[in-house]
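Summary of the model geometry
Residue strings, one per chain:
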Amino acid sequence: MRFVNALSRNNLGTQSRDVARRLREGMARGVLSFPLTSMSSDGSLDLESYRAYLAAQLDTRPGAVFPACGTGEFFSLDEEEYRAVISATVEVADGRLPVVAGTGYGWAQSLRFARIAQEEGADALLVMPHYLVEASQDGLVEQLRRIAAGTGLPLIAYQRGQVTFDAAALREIAAIPTVIGLKDGHSDLDRLQRLTLAAPDDFLFFNGAATAEIQARAYATVGVPAYSSAVHAFAPEIADAFFTALRERDDTAVDRLLREFYVPLVELRDRAPGYAVALVKAAARLRGLPVGPVRAPLTDPGPDDVADLERVLDAGLGLVRSARHRA
């Protein structure tokens, strides 16, 4: 494998700083959007529906958009489908906000996706956990070094599953000029606090826990207020209401949304493996959004779970309507 940087080290630093600045500004404005990938009933990619769905998502002004990541079923897309999704996202976004494309698997395959994302105009990459095997801290660092050596795009590392960085490894990856941040999905706040203290001041951290709103207040206490929102994929008005209440420290509104919408949603999500994505797509379909079914190995929820999901969704939307009426 030949490693070719598209830009000089100085230019890489400039690009990374610019993307980090735009992400930081976006994070202060709204949640991070992880859009669903639209599929037809036969499981094929439905690009026209994806464009329409994404345009509606971006009209709500999220802080950044992360296409073809976990919620977008990156793991089930081939390279040409991935290219089509990233290209459509960049076109629809039209420079209004950063586009951070997902990549993953081992470093060699990650670079194939990374080069596609760069060719199609993505601003940065979210490096999702590698496939199957556990690895040492040295191996996790080397994985990012090899990806960074093969693409000019800024990188955000994602620790989840078998990927967990310690403070020493965090300092090493933060020293790579194009690694600009870390998304955390472990919710180990003791470890996360150590990582934030070990990182440079301009290093970005993101709360990437499943249904991140549940733990948003706790993450903020260790210096990680930004979070991704799966709810934004089907109910941006609920996601935005929570983000606003949290930012304004309206604990009464935060608690009400957690108690009556987010906690019931999480309890429903925990009923079956894969519901972290499948339930989100089902909720989007309930709202008439053109996202289609999930791809195998995921399975769509059964009618009983969909009925319960509809009740939870109605409760959340009712809270938002009530708050607007009071205002």
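Note that this is a predicted model, so its numbers are computed, not measured.

**Focus on unusual backbone geometry**
- The omega torsion across Ala296 and Pro297 is 15 degrees, close enough to zero to call that bond cis.
- Tracing the chain through its elements places Pro297 in the loop between α11 (275-286) and α12 (303-326).
- Even without glycine at this site, Ala68 takes up a positive phi of about 55 degrees.
- If you trace the backbone, Ala68 turns up in the loop between β2 (64-65) and α3 (79-93).
- Classification of Ala68 as buried rests on a relative accessible area of 0%.
- The phi torsion at Glu73 lies on the positive side, around 60 degrees, for a residue other than glycine.
- Note that Glu73 resides in the loop between β2 and α3.
- Residue Glu73 is classed as buried on the basis of its relative accessible area, which comes to 0%.

**Details of the sheet that holds strand β7 (residues 204-207)**
- With parallel pairing, five strands are arranged side by side in an open sheet as β3-β4-β5-β6-β7. Unpaired on one side and paired on the other, β3 (100-103) and β7 mark the two borders of the sheet. With direction set aside, neighbouring strand axes in the sheet form an average angle of 25 degrees.
- Across four bridges, strand β6 (residues 179-184) lies against β7 in parallel orientation. Paired with Lys183 across the two strands is Phe206, which belongs to β7.
- Its contacts with the sheet place helix α5 (residues 137-150) against β4 (124-127) and β5 (155-159), and it is angled at close to 155 degrees to β5.

**As for the pattern of salt bridges**
- The tally for this structure, following the rule as stated, stands at 22 salt bridges.
- As a salt-bridge pair, Arg21 and Asp18 come within 2.6 Å of each other at their nearest N and O atoms. A residue pair is termed a helical-turn pair when its members lie 3 or 4 positions apart in one helix, as Arg21 and Asp18 do in helix α1 (residues 9-29) at three residues.
- Assessed through its relative accessible area of 35%, Asp18 is described here as partly exposed.
- For the salt bridge of Arg145 with Glu142, the shortest nitrogen-to-oxygen distance reads 3.9 Å. Of the two residues, Arg145 and Glu142 both sit in helix α5, three residues apart, roughly one turn of that helix.
- One continuous salt-bridge network, built from bridges that share partners, spans Glu142, Arg145, Arg146 and Glu172.

**A word on the side chain of Ser33**
- Tracing the chain through its elements places Ser33 in strand β1 (residues 32-33).
- A relative accessible area of 0% places Ser33 in the buried class.
- If near-sequence neighbours (up to four positions away) are discounted, Ser33 is found in contact with Gln57, Pro62, Ala64, Val65, Phe66 and His232.

**Side note on the nonpolar core**
- Core analysis: the largest hydrophobic core is formed by 112 residues, its most contacted members being Tyr82, Phe234 and Ile238.
- Filtering out sequence-adjacent residues up to four positions away, Tyr82 remains in contact with Ala68, Phe74, Leu77, Ala101, Gly102, Phe113, Ile116, Ala117 and Leu125.

**Concerning helix α2 (residues 47-58)**
- Here α2 is 12 residues long and its end C-alpha atoms lie 16 Å apart, about the 16 Å a rise of 1.5 Å per residue gives.
- What α2 keeps buried is the set Ser49, Tyr50, Tyr53, Leu54, Gln57 and Leu58. Around the axis of α2, the buried residues are gathered within 160 degrees of arc, so they sit on the same side.
- Structurally, α2 contributes buried residues whose contacts are with β1, β2, α3 and α9 (236-247).

**Considering the sheet that holds strand β8 (residues 228-229)**
- The strand order β2-β1-β8 describes an open sheet built from three strands, whose pairing is parallel. The open sheet has two edge strands, β2 and β8, and neither has a second partner.
- For β1 and β2, the ladder comprises two bridges, and the chain directions are parallel. By the bridge assignment for β2, Ser33 is matched with Val65.

**Observations concerning the confidence of the model for the chain**
- Scored by pLDDT, the chain comes out at a mean of 94, with 96% of its residues at no less than 70.
- Long-range and interchain partners of residues 1-10, a stretch whose pLDDT sits below 50, account for 21 contacts in this model, where long-range means more than four residues apart.

**Observations regarding the packing of aromatic side chains**
- Enumeration over the complete set of coordinates arrives at 11 aromatic pairs.
- Centre to centre, the rings of Tyr227 and Phe243 are 6.3 Å apart; their planes meet at 50 degrees, and the pair counts as tilted. Linking Tyr227 in the loop between α8 (216-221) and β8 with Phe243 in helix α9, this pair joins segments that are 16 residues apart in sequence. Taken as a pair, Tyr227 and Phe243 share a single burial class, namely buried.
- These aromatic residues form a ring-pair network of at least three members: Tyr227, Phe242, Phe243, Phe261 and Tyr262.
- We note Lys183 situated over the ring of Tyr158; from NZ or CZ to the ring centre the distance is 4.4 Å.

The rules behind each value
Residues numbered from 1 in each chain as written. Predicted model: local features only at pLDDT ≥ 70, side-chain atom pairs only at ≥ 80, totals over all residues. Heavy atoms only, no water. Helix = DSSP H or I, 4+ residues; strand = E, 2+ residues; numbered from the N terminus. Buried < 20%, exposed > 50% of the residue type's maximum accessible area, 1.4 Å probe, protein only. Pairing = 2+ DSSP bridges. Axes fitted to C-alpha atoms, helices over the stretch in contact; angles between N-to-C directions. Contact = heavy atoms within 4.5 Å. Salt bridge = Lys/Arg side-chain N within 4 Å of Asp/Glu carboxyl O. Core = buried A, V, L, I, M, F, W, Y, C linked by side-chain atoms within 4.5 Å. Expected span 1.5 Å × (residues − 1). Arc of directions from axis to C-beta. pLDDT = per-residue confidence, 0-100. Phe/Tyr/Trp six-rings, centres within 6.5 Å; stacked < 30°, edge-to-face > 60°. Lys NZ or Arg CZ within 6 Å of the ring centre and 35° of its normal.

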